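# Understanding the architecture of this molecule
Okay, here's what each chain looks like letter by letter:
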Amino acid sequence: MNWDVVIGLETHVELSTQSKVFCGCSTAFGAPPNTLCCPVCLGLPGSLPVLNEQAVELALKAALALNCTVTPVSRFDRKNYFYPDLPKAYQISQLYAPLARDGHLDLPGGRRIRISEMHLEEDAGKLHHHADRTAVDYNRCGVPLVEIVTAPDLTGGEEAVAYLEQLRSILQYLGVSDCRMEEGSLRCDVNLSVRLAGSSELGTRTELKNLGSLRAVRLACEYEAQRQIAILESGGQVRCQTCRWDEEARRTVPMRDKEQVGDYRYFPDPDLPPLAVGEEWLTHLRAEQPELAHEKAARYARDWQLGEYDCATLTSRRGLAEFFEQVVALGAPPKQAANWIMGQVLRRLSADGLAVEEIPMSARSLADLIRLVEQGTVNRNTAVEVFDAVFTGGDPAEYVRTHRLEQSSDTEQIASVAADVLAQNHKSVEDWLSGKEKAAGFLVGQTMRALGGKAPPALVGDVVRQLLERERS
Ligand SMILES: [Zn+2]
């Protein structure tokens, strides 16, 4: 039997605000436990939430980039449940009138994934399990989240990963979130079911949680699809359950029967007024939207004839794309700039353990260095040496000058050095005269060496050959 896999994703993204969504506490990651809390985010009696405008603005930017229709007046609801990481015993979320609906995201291959809705909510705290006890840290309580829910449009683990990569790129370009899965600022739950190929009816789904990396998403989808198919093929029925991905055992483990929306006793939050978003605000945000990765990639290919791989690499992070564009704007040929950035710059960043947003070298320095190579002032090998020296600061031209690294195009000087080399390598000259072409290459190499590499190899080759021809006569 042939089966189709049907996947919908619910992605929680922490918004990059300075303060929490309903109070003034900091959202910094990694602070000592329970140091970033106040009566509001701890839900103490008498405290009242006040909505953070910046959180709404970031969520709206995401909604517009994902082609959603923004709800003119959205509302906040309480989702009630008890868990030790939730001191209020309810989470402020949006159920009946979410922030935005009916958007889509196009995958690089062209497939369109529908976004059914996006809503704003607050994060819960974090539990730390130790051998003999569990500790709770409320610092994360009240950090703003946007939840992005897709329609069941994804067809497998690979496609789910492609969707998350594209979503992450868009949100990072917008500055909406840093989307660091390892720090939990992007988390995703998978809803997965299978059905007979060609059938239009959805099968019973399970929900997969605890997916800490893109690799885990792909493996969990593949494992769970096979598990469900095996059940159905042996005549059984899939249970509507919530499962946990066990990273070590590489399998999904059922946790509980999946709760239904009614279990949460949602009701409108009486402490928060409705959120009205006017057309004027949206017009302003649309005008501010930056060029996104896939738009940049298309422009690089069209205007600068860069290949698909170059375009994809350069636009993979906004910081890298911006650095590249600055270097080109300062006069470097785009292909040269691309090669230097994808080669030497990425090599140094990785060696120094730096992120692309932390390139210490200025765009001006790299553009100057590329110009020195183009003008023949230094050769390629010397240029790499100069690059390493000025990567953390310094002027390439000055470095070349003070270290006497200019190549010589002085033919007379080259000829005088080459004549010495020929005189000291009589055997090679004899070899060449008797027809051994390779001997010339050796002599060119020796002359380059004697010149300290500071001459254009083609010019040295010409000079050496002229001298050899003279030996023949
Ligand atoms: Zn607080």
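One can find the structure itself at the top, above this paragraph.
Residues numbered from 1 in each chain as written. Predicted model: local features only at pLDDT ≥ 70, side-chain atom pairs only at ≥ 80, totals over all residues.

What follows deals with the overall build of the protein chain. Tallying secondary structure elements over the protein chain gives 15 helices and 16 strands in all. The C-alpha radius of gyration of the protein chain comes to 31 Å, more than 25% above the 23 Å expected for a compact globule of 473 residues. Along the first, second and third principal axes, the C-alpha atoms of the protein chain reach 100 × 55 × 50 Å. For the protein chain, buried positions account for 35% of its 473 residues. (Helix = DSSP H or I, 4+ residues; strand = E, 2+ residues; numbered from the N terminus. Rg over C-alpha atoms; globule rule 2.2 N^0.38 Å. Buried ≥ 20, exposed ≤ 12 C-beta atoms within 10 Å, placed from the backbone.)

So, on to the sheet that holds strand β10 (residues 144–150). Strands sit in the order β2-β6-β7-β10-β1-β11-β12-β13-β14 across an open sheet of nine strands; the sheet is mixed. Looking at strand neighbours, the two that pair on one side only are β2 (69–70) and β14 (251–257), the edges of this open sheet. Of the pairings in the sheet, the one linking strand β6 (residues 100–106) to strand β7 (residues 112–122) comprises six bridges and is antiparallel in character. The partner of Leu105 across the bridge, within β7, is Ile113. Helix α1 (residues 53–65) rests against β2, β6, β7 and β10 of the sheet, and its axis sits at about 175° to β7. (Pairing = 2+ DSSP bridges. Contact = placed C-beta atoms within 7 Å. Axes fitted to C-alpha atoms, helices over the stretch in contact; angles between N-to-C directions.)

As a further point, take the nonpolar core. Residues Ala59, Ala62, Met118, Val190 and Phe324 are the most contacted members of the largest nonpolar core, which totals 100 residues. Looking at this core element by element, the count peaks at eight residues for α1. Taken domain by domain, the makeup of this core includes at least three residues from each of domain 1 (3–284) and domain 2 (291–402). Judged by nonpolar contacts, the second largest core, of 14 residues, contains Leu443, Val444, Ala455 and Val460. (Core = buried A, V, L, I, M, F, W, Y, C linked by C-beta atoms within 7 Å. Domains from an automatic or database assignment.)

This brings us to the sheet that holds strand β4 (residues 77–80). Ordered by their spatial adjacency, three strands build an open sheet running β5-β4-β15, and the pairing between neighbours is antiparallel. Edge positions in the sheet fall to β5 (90–93) and β15 (267–268), since each of these pairs with one other strand and no more. Note that β4 and β15 share two bridges and pair antiparallel. The partner of Arg78 across the bridge, within β15, is Phe267.

Within the element layout of this structure, Pro290 appears in the loop between α4 (279–288) and α5 (293–304). Residues Pro290 and Tyr173 lie 117 residues apart in sequence; the distance between their C-alpha atoms is 7.3 Å. The residues contacting Pro290, other than those within four sequence positions of it, are Tyr173 and Leu174.

Attention now goes to the pairing of strand β12 (residues 206–211). Judged from the four bridges that link them, strand β11 (residues 186–196) and β12 form a sheet pairing that is antiparallel. Its bridge partner being in β12, Leu192 is matched across the sheet by Thr206. In the sheet, β12 pairs with strand β13 (residues 241–246) via three bridges, with the strands oriented parallel. Residue pairing for β13: Lys209 is matched across the bridge by Arg244.

Attention now moves to α5. Because each turn of an α-helix spans 3.6 residues, side chains separated by three or four positions end up pointing in the same direction. The end-to-end C-alpha separation of α5 is 16 Å, in line with the 16 Å expected for 12 residues at 1.5 Å each. Looking at α5, one finds that the buried residues are Ala293, Lys296, Ala297 and Tyr300. Down the axis of α5, the buried set is contained in an arc of 100°. They therefore lie on one face. What points out from α5, more than 90 degrees from its buried face, is the exposed set Glu295, Arg302 and Asp303. In this structure, the buried residues of α5 make contact with α2 (157–174), α6 (308–314) and α7 (318–329). Of the residues flanking the end of α5, it is Gln305, one or two places downstream, whose phi is positive at about 55°. (Expected span 1.5 Å × (residues − 1). Arc of directions from axis to C-beta.)

This part takes up the packing of α7 against helix α9 (residues 363–374). It is at 8 Å that the axes of α7 and α9 come closest, and there the two elements cross at 50°. In terms of orientation, α7 and α9 fall into the oblique class. With respect to the hand of their crossing, α7 and α9 are arranged in right-handed fashion. Here Phe323, Gln326 and Val327 of α7 come into contact with α9, specifically with Ala363, Leu366 and Ala367. (Parallel < 35°, antiparallel > 145°, perpendicular 65-115°, else oblique. Left-handed = near helix turned anticlockwise from the far one by under 90°.)

When two helices pack together, their arrangement is given by the angle between their axes and by how far apart the axes lie. Contact geometry of α2 with helix α3 (residues 214–233) gives a least axis separation of 8 Å together with a crossing angle of 150°. In terms of orientation, α2 lies roughly antiparallel with respect to α3. At the point where α2 passes α3, the crossing takes the right-handed sense. In contact with Gly157, Glu158, Ala160, Val161 and Leu164 of α2, α3 contributes Leu214, Val217, Arg218, Cys221 and Glu222. Partitioned by chemical class, the residues of the contact of α2 with α3 number six nonpolar, one polar and three charged. (Nonpolar A, V, L, I, M, F, W, Y, C, P; charged D, E, K, R; others polar.)

Moving on, we come to the pairing of β14. Across six bridges, the pairing between β13 and β14 is antiparallel. The partner of Thr242 across the bridge, within β14, is Arg256. The turn linking β13 back onto β14 is made up of four residues, and Arg250 within it adopts a positive phi angle of 55°.

Although it is not a glycine, Arg250 adopts a positive phi angle of roughly 55°. With respect to the element layout, Arg250 can be found in the loop between β13 and β14.

We now examine helix α14 (residues 438–450). Taking 1.5 Å per residue, 13 residues should reach 18 Å; α14 reaches 19 Å between its end C-alpha atoms and fits that length. Inspection of α14 places Leu443, Val444, Thr447 and Met448 among the buried residues, and these make up the whole buried set. Around the axis of α14, the buried residues are gathered within 140° of arc, so they sit on the same side. Away from the buried face of α14 by more than 90 degrees, exposed residues Lys438 and Arg449 are located. If you follow the buried residues of α14, they end up packed against α12 (411–424), α13 (426–433) and α15 (457–472). One or two positions beyond α14, positive phi appears at Gly452, with a value near 65°.

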